[in-house]
Structure formats: structure tokens, C-alpha cells
Amino acid sequence: MNLQLLFASQIEAGDVVGFTFFIGTMAMLAATVFFFAERQNVPEKWRLSLTVSGLITGIAAIHYYYMRDYYLTMGSSPTEFRYIDWVLTVPLMCVEFYLLTRPYGAKGKTLFALIAASVGMLVTGYIGEAIQPEATILWGTISTVFYLYIVYEVFAGSVAKLAKNSDNPALNQAMFLLKIFITLGWSVYPIGYMTMEGNLLAGLGNIDVIYNLADAINKIGFGLVIYYVATAESSK
Ligand SMILES: *C/C=C(C)/C=C/C=C(C)/C=C/C1=C(C)CCCC1(C)C
């Protein structure tokens, strides 16, 4: 076997960006194994949620593998892989909200609205980041409107109302933590977006490092919250 070829995309010492792509791949992979392995240790009604958590980190692991390779060979941001990953995984996070509130009457309509908003948020973000860099602020603003709709839905819309009326402490605890992810965790992405050249936060940091950090927190953390609630409920 040609080892030279196998290690074609070498990571250089001091390459922080490449390092975070590498560690992101490994972390997503480990989380995926964890969520699928733990599936059988939680009560049946939580299993589908854990499967979705594993799918989210699994899809991300594969994209990180490609993004790392792209970055190491091209030396630039793998924006296309990044947005393809998000457009698959963010709707799955909306599915998690739906699954949590489904036993209490969540409607397919709400799930559809959440998915549509997340796709709208990402498509407009992609246009501002990759297609029309001269209109980054305009597209970023439109994207933020979609983002705020998701925040509204989870805080005050039907998702919030169903969780509140459920009288289930485990569910309310999960909702509380997931709200923190949606507000604080997800807000790291627009910060990364604004570090693009010529924008408000240019020079603050590397956009890929910020996105990679946010992905690790949000994708793995989100799944761990669900795992935590599932096990807390079963140990009672
Ligand atoms: C696993 C990936 C996740 C949770 C990605 C979330 C991405 C966002 C919340 C992105 C939001 C953006 C804005 C609100 C405005 C600027 C453009 C985006 C797409 C970076």
C-alpha cells in the first residue's frame, strides 16, 4: 500500500484550524457510537430520540471527515460540505423537539414549520457566505429572522406550551436545557459568520474554528441532554 498517498493530507504542527477539523471528526464519531450503544439502556419511549441524536453526530462525523480533507488539501473553508451537513442535521434537531413533545400532542404542522424555518435560515446564510459575499449583511439579516422564529417557537410557541402543559418534570428539564442550546449555543454561528472579511467581527477569530467549536457543543451536547433526561427518568 502506498503510505504516501494514505497520508496525503498531512496536518502541520501549529495548524489550529486543521486540528479542530480532526478532533471534530473523532468527537462526532465517538458520540455516534455512544448514542447508538446506549440506546438499549434507556426506556423504550426515549430510544427513537437517541437514534436521532446518533444520526445527527453520525452525519456530522462523515462531513467532518470530508471537511478536514478539503481544508488540508485546498487550504480554504469547506463551505459547501459545511452547509450540506447543517441542512441535514439542523432539521433533525427540530425533529428532536417534535419527538419530545409528541406524547403531549405536538402537531406535524409545528414540525414542518420548524424544519422550513431552519432550511430558510441555512439557505439564506449560504447565499450570504458563498454566493453573494457583497450582500453578506442582507442575507445574514434574513437568516436571523428565520433563526428568531425558531427561538420564538421553542420559547413561546406551541412547542413551549405543550412542554409546559405536560406536567412532566423530566421533559421540562430537557426543554430548559435545549432552550439554552438554541439561544446561547446557536448564537455562536452568526458570530462566526460575522468574522468574514469586511464584516463587523472580522479578525476576531477563524470562522472554521468557531463553527467547529459550535458544532461540537451543539450536536454532542444536544444529544447528551436527551440522554441525560432519558436516564434520569428511568433511574427513578
Ligand atoms: C449542527 C449545526 C447547527 C446546530 C447549526 C446551526 C446554524 C445556525 C444557527 C446558523 C445561523 C446563521 C444565522 C442566524 C445568521 C448568519 C448565517 C448563519 C447561517 C450562520
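Below you will find a few notes about this structure. Quick caveat: nothing in here was measured; it's all calculated off a predicted structure. (Residues numbered from 1 in each chain as written. Predicted model: local features only at pLDDT ≥ 70, side-chain atom pairs only at ≥ 80, totals over all residues. Heavy atoms only, no water.)

1. Focus on the site of the ligand
No. 1: Near the ligand there are 18 residues, and of these Trp 86, Met 121, Ser 143, Tyr 189 and Lys 219 occur at the shortest range.
No. 2: Taking 530 Å² as the accessible area of the ligand by itself, protein coverage stands at 100%.
No. 3: Under a 2 Å grid-point criterion requiring more than half of the atoms, the pocket assigned to the ligand is the largest pocket.
No. 4: Where the shell around the ligand is concerned, the elements lending two or more residues are helix H4 (79–101), helix H5 (108–131), helix H6 (136–155), helix H9 (188–193) and helix H10 (207–234).
No. 5: Residues belonging to the shell around the ligand are distributed by class as follows: 11 nonpolar, 5 polar and 2 charged. (Near = heavy atom within 4 Å. Areas by Shrake-Rupley, 256 points an atom, 1.4 Å probe, with all protein chains shown as cover. 1 Å grid on protein atoms, 1.4 Å probe; cavity = no way out; pocket = protein on both sides within 12 Å on 5 of 7 lines; lining within 4 Å. Sits in = over half its atoms within 2 Å of the grid points. Helix = DSSP H or I, 4+ residues; strand = E, 2+ residues; numbered from the N terminus. Nonpolar A, V, L, I, M, F, W, Y, C, P; charged D, E, K, R; others polar.)

2. Thoughts on the side chain of Thr 195
No. 1: Secondary-structure assignment places Thr 195 in the loop between H9 and H10.
No. 2: Residue classification places Thr 195 among the buried positions, given a relative accessible area of 9%.
No. 3: Within the local environment of Thr 195, its side chain forms a polar contact with the backbone oxygen of Gly 192, the two atoms lying 2.5 Å apart.
No. 4: With residues near it in sequence (within four places) discarded, Thr 195 still touches Leu 201, Ala 202, Gly 203, Leu 204, Gly 205, Ile 207 and Ile 210. (Buried < 20%, exposed > 50% of the residue type's maximum accessible area, 1.4 Å probe, protein only. Polar contact = N/O pair within 3.5 Å; in protein donor to acceptor, adjacent residues only side chain to side chain. Contact = heavy atoms within 4.5 Å.)

3. A few points about the nonpolar core
No. 1: Ranked by internal contacts, the top residues of the largest apolar core, which has 63 residues, are Phe 97, Met 175 and Trp 186.
No. 2: In terms of residue count, the dominant contributor to this core is H4 (11 residues).
No. 3: Those residues in contact with Phe 97 that sit more than four places away from it in its chain are Leu 114, Val 154, Val 159, Met 175, Leu 178, Ile 182 and Phe 222. (Core = buried A, V, L, I, M, F, W, Y, C linked by side-chain atoms within 4.5 Å.)

4. So, the packing of helix H2 (residues 16–38) against helix H3 (residues 44–74)
No. 1: Where H2 meets H3, the closest approach of the two axes is 8 Å, and the angle between their N-to-C directions is 155°. Compared by their axis directions, H2 and H3 come out roughly antiparallel. For the element pair H2 and H3, the recorded crossing hand is left-handed.
No. 2: The residue inventory of the contact of H2 with H3, partitioned by class, reads 17 nonpolar, 9 polar and 2 charged. (Axes fitted to C-alpha atoms, helices over the stretch in contact; angles between N-to-C directions. Parallel < 35°, antiparallel > 145°, perpendicular 65-115°, else oblique. Left-handed = near helix turned anticlockwise from the far one by under 90°.)

5. Comments concerning the packing of aromatic side chains
No. 1: Going through the model one piece at a time under the given rule, you end up with 15 aromatic pairs.
No. 2: Ring geometry for Phe 34 and Phe 35: centres 5.7 Å apart, planes at 70°, overall edge-to-face.
No. 3: Among the residues examined, Phe 35 registers a relative accessible area of 1% and is labelled buried.
No. 4: Relative to Phe 81, the ring of Tyr 66 has its centre 5.6 Å away and its plane inclined at 25°; by these criteria the two rings are stacked. Placement of the pair is Tyr 66 in helix H3 and Phe 81 in helix H4, with a sequence separation of 15 residues.
No. 5: One residue, Arg 68, lies across the ring of Tyr 65, its end atom 4.8 Å from the ring centre.
No. 6: The ring of Phe 155 is capped by Lys 179, whose NZ or CZ atom sits 5.1 Å from the centre of that ring. (Phe/Tyr/Trp six-rings, centres within 6.5 Å; stacked < 30°, edge-to-face > 60°. Lys NZ or Arg CZ within 6 Å of the ring centre and 35° of its normal.)

6. Digging into helix H7 (residues 158–165)
No. 1: Where H7 is concerned, the buried positions are Val 159, Ala 160 and Ala 163. Summarising the axial view, the buried residues of H7 lie within an arc of 95°, below the 170-degree limit, and thus occupy one face. Turned more than 90 degrees away from the buried face of H7 sit Lys 161 and Asn 165, all of them exposed.
No. 2: Against the buried residues of H7 lie H4, H5, H6 and helix H8 (169–185).
No. 3: Residue Asp 167 follows H7 closely and has a positive phi angle near 60°. (Arc of directions from axis to C-beta.)

7. Comments concerning the packing of H4 against H5
Between two packed helices, the angle of one axis relative to the other and the distance separating the axes together describe the packing.
No. 1: Their axes nearest at 9 Å, the elements H4 and H5 cross at an angle of 160°. With respect to their mutual orientation, H4 and H5 come out roughly antiparallel. As H4 runs across H5, the sense of the crossing is right-handed. On the side of H4, the interface is formed by Thr 79, Glu 80, Tyr 83, Trp 86, Val 87, Val 90, Pro 91, Cys 94, Val 95, Phe 97 and Tyr 98, while H5 contributes Gly 108, Leu 111, Leu 114, Ile 115, Ser 118, Val 119, Met 121, Leu 122, Gly 125, Tyr 126, Glu 129 and Ala 130.
No. 2: Among the residues making up the contact of H4 with H5, the classes are represented as 17 nonpolar, 4 polar and 2 charged.

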